[in-house]
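Geometric and topological summary
Residue strings, one per chain:
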Protein chains: 2
Amino acid sequence: MSRAFTTPDIVAPDKRERIYETATQLGYVPNAIGRSLSSQSSRIIAVVVPAADEYYQHALGALARHVIPSDYQLLLFESFESADLEVVFVSIPRYHVDGVIVASSIVPVSQVRPLIASGLPVLMFNQDVTSGDVASVSVDNMAGMRALAVLLAENGHRSVCFVGGIRDATTDRARYRGAFEHLAEVGIPCRYVPSGAFTYEAGYAAADEVAAFAARPDAVMAASDAIAFGLIDGLRAHGIAVPEEISVTGFDGLPQSAWKAYDLTTIEQPMQELSRLAVETLVDRIENDEPTTPTRQLLEGHLQIRSTVAKRKDSG
Amino acid sequence: MSRAFTTPDIVAPDKRERIYETATQLGYVPNAIGRSLSSQSSRIIAVVVPAADEYYQHALGALARHVIPSDYQLLLFESFESADLEVVFVSIPRYHVDGVIVASSIVPVSQVRPLIASGLPVLMFNQDVTSGDVASVSVDNMAGMRALAVLLAENGHRSVCFVGGIRDATTDRARYRGAFEHLAEVGIPCRYVPSGAFTYEAGYAAADEVAAFAARPDAVMAASDAIAFGLIDGLRAHGIAVPEEISVTGFDGLPQSAWKAYDLTTIEQPMQELSRLAVETLVDRIENDEPTTPTRQLLEGHLQIRSTVAKRKDSG
DNA sequence: CTGAAAGCGCTAACAC
DNA sequence: GTGTTAGCGCTTTCAG
């Protein structure tokens, strides 16, 4: 009997060896499906993620890595355009996964509540949910953006605009708020310019709008790095020098932000810690089914001062 | 009985309705695990992929999207550094997946042969395997690189070097060969400069080497876009103008290659077709277990002429 | 320590 | 059309 595989130490060594031998000879490997069925645990975590988005691709990679030590596998559920979320969230329970990570700042929490209600451990990644009944791991968007605003103010900027991505995204709101609040405190106006998406293209297009303003801002804060890259290229295409004429900041700390052609001043999300924390939290909840209250965890982003923010003379 | 779920049309409508009602009332959803166990088919495809690599992240996203219409799910297996492949390939059969996609140009085919021998449908993505016993879907690396070489030659370049990534990668070999062969035909030398990885950083570092050459090349062909981006920034950091002094070409057609700061001339992999073809081929093999011979499929890349290749005067 | 047997939720085969 | 039953490969319990 295959106690040899589950609790090897409790089986006579010689017998164990013989079992292993014949097993490899026959090419036998224990079947995880059978195990799942009987043990009611699959050691699989579902992760729903917009697989077309740069940021979430990184997140996914990081999650995949951090799940290895705990010996779980990730079952992928694409959440972007292609599949509507209804279908996704209905099909997840079929697979009897042990838990699910929802990586998105736009999937409404209401959508995942049924899952939680069914007793499945769920964790929101990159969406800070304050209602207390849902676990979440994310970066402190407000604090990060505020730090960037402080930097801008300290460097003598007088008029900034914020180029948002998707207005409903919790990240968008929190980041704008962080910028706006500090700027307001020090008497600097901050106008919200919508771009429609967290993408390079959206940022590039938004540059047209910024360039057309009668009163041109001396800094623009993008809601994400991707937008910032587009913004920088778009601004430059308009003959506007970055950062000499307009400073630009990002948010996320994508690898590209360090690329010399952009060298973007931004807030870097501590992706490794974020993802490690996410899987640890979830795995903990899976394996200790004590009714721990769902935790809301906020990590500090790291201010990366690079070269897209200039120092302005006080011309006031 | 739950024939209502599998073959709804063969069950009396009224009865079916009543079953559905009580089902939703009880929050019942058919359990895929039980189904897998009994039907010997899980509708899950394993995909092993280096989740930290830019290119493969895109591939994964595309695969995830194309798997939806066929109603399969992707089970992720990280293949980069963290986990050694031995473990990965041993654990795949446990999950009784219906098929596996190995996305990598460096995983040796020998490593996947045991899987294939066990009767599991396997498909190599982005690795062209010519041995005929393994299905593969990839872009025609040699032809693509040759097209780039032709472009360079036509534009009057006289001395090029090729900055490789990982020497053992099949993509690296084929791309170098494509460049070298055509260049040799027209009497242009092409030196191989190793960089050690398909990354921005590797490319950036390789720029030092290129800059230090006594006889500086007038063009450098990178084995991938990521390398090219690093190369461009590195070259510029050395005060070398791209493309005025040195032209640069890439390979892959990552989204960033279209970003204005680089605007890289490259070969774009038709990612959507590639991934669609990959899942279609694999699904076909899964569902029709006739002994079709494994197909080797090669798609043409698309030459994107942008602005990193200059026209040189014939100074000869 | 090690056999034997029940049962996880489903499909498939076989009656009715 | 619709009930019933035997496994799929494992874990778990209960005997020995």
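Figured I'd write up the structure that's included with this text. Because the structure is predicted, anything quoted here is derived from the model rather than measured.

Here we take up the state of the cysteines. Put plainly, two cysteines are in a disulfide when a covalent bond ties their sulfur atoms together. All names here are of chain A. Enumeration according to the criterion identifies zero disulfides over all chains in this entry. Of the cysteine sulfurs around cysteine 161, a residue in no disulfide, the closest is that of cysteine 190, at 7.4 Å. By relative accessible area, cysteine 161 is classed as buried at 2%.

For the rest of this paragraph, the subject is the interface of chain B and chain A. Chain B puts 43 residues into the contact, and the matching count from chain A is 42 residues. Here chain B and chain A share an interface that buries about 4100 Å² over both sides, 67% of which is from carbon and sulfur atoms. At the boundary of chain B and chain A, one finds zero salt bridges. Only α3 (32-39), α4 (54-67), β2 (73-78), α9 (200-212) and α10 (225-237) of chain B provide two or more residues apiece to the side of chain B that touches chain A. Residue contributions to the side of chain B that touches chain A peak at seven residues, all from α4 of chain B. Taken together, the residues that form the side of chain B that touches chain A break down as 25 nonpolar, eleven polar and seven charged. Direction of pairing for strand β2 (residues 73-78) of chain A relative to β2 of chain B: antiparallel, over a ladder of three bridges. Its bridge partner lying in β2 of chain B, leucine 75 of chain A is registered against leucine 75 of chain B.

Before going further, it helps to examine the sheet that holds strand β7 (residues 190-194) of chain B. As a general point, the strands of a sheet are linked pairwise by backbone hydrogen bonds and lie either parallel or antiparallel. All names here are of chain B. Within the open sheet, the four strands sit side by side as β7-β6-β8-β9. Their pairing is parallel. Of all strands in the sheet, those with a lone pairing partner are β7 and β9 (247-249), marking the two edges. Each neighbouring strand pair of the sheet contributes to a mean axis angle of 20°, computed without reference to strand direction. Sheet topology note: the strand β8 (residues 219-222)/β9 ladder contains three bridges and is parallel. Each bridged residue has a counterpart across the sheet, and for valine 220 the counterpart in β9 is valine 248. α10 contacts β6 (160-164), β8 and β9 of the sheet and is inclined by roughly 150° relative to β8.

Residue and element names in this part refer to chain B. Tracing the sequence through the fold places arginine 306 in the segment after β12 (302-304). Aspartate 263 is the oppositely charged side chain nearest to the buried, salt-bridge-free arginine 306, at an N-O distance of 4.2 Å. A polar contact is formed between the side chain of arginine 306 and the backbone oxygen of leucine 264, at a distance of 2.9 Å. In contact with arginine 306, not counting residues within four places along its chain, are Ser257, Ala258, Asp263, Leu264, Thr265 and Thr266.

About the cut-offs
Residues numbered from 1 in each chain as written. Chains lettered and ligands numbered in written order. Predicted model: local features only at pLDDT ≥ 70, side-chain atom pairs only at ≥ 80, totals over all residues. Heavy atoms only, no water. Disulfide = S-S within 2.5 Å. Buried < 20%, exposed > 50% of the residue type's maximum accessible area, 1.4 Å probe, protein only. Contact = heavy atoms within 4.5 Å. Buried area = accessible area lost by both parts, 1.4 Å probe. Salt bridge = Lys/Arg side-chain N within 4 Å of Asp/Glu carboxyl O. Helix = DSSP H or I, 4+ residues; strand = E, 2+ residues; numbered from the N terminus. Nonpolar A, V, L, I, M, F, W, Y, C, P; charged D, E, K, R; others polar. Pairing = 2+ DSSP bridges. Axes fitted to C-alpha atoms, helices over the stretch in contact; angles between N-to-C directions. Lys, Arg positive; Asp, Glu negative; His and termini not counted. Polar contact = N/O pair within 3.5 Å; in protein donor to acceptor, adjacent residues only side chain to side chain.

These results come straight from atomic positions and should not be treated as a statement about function.
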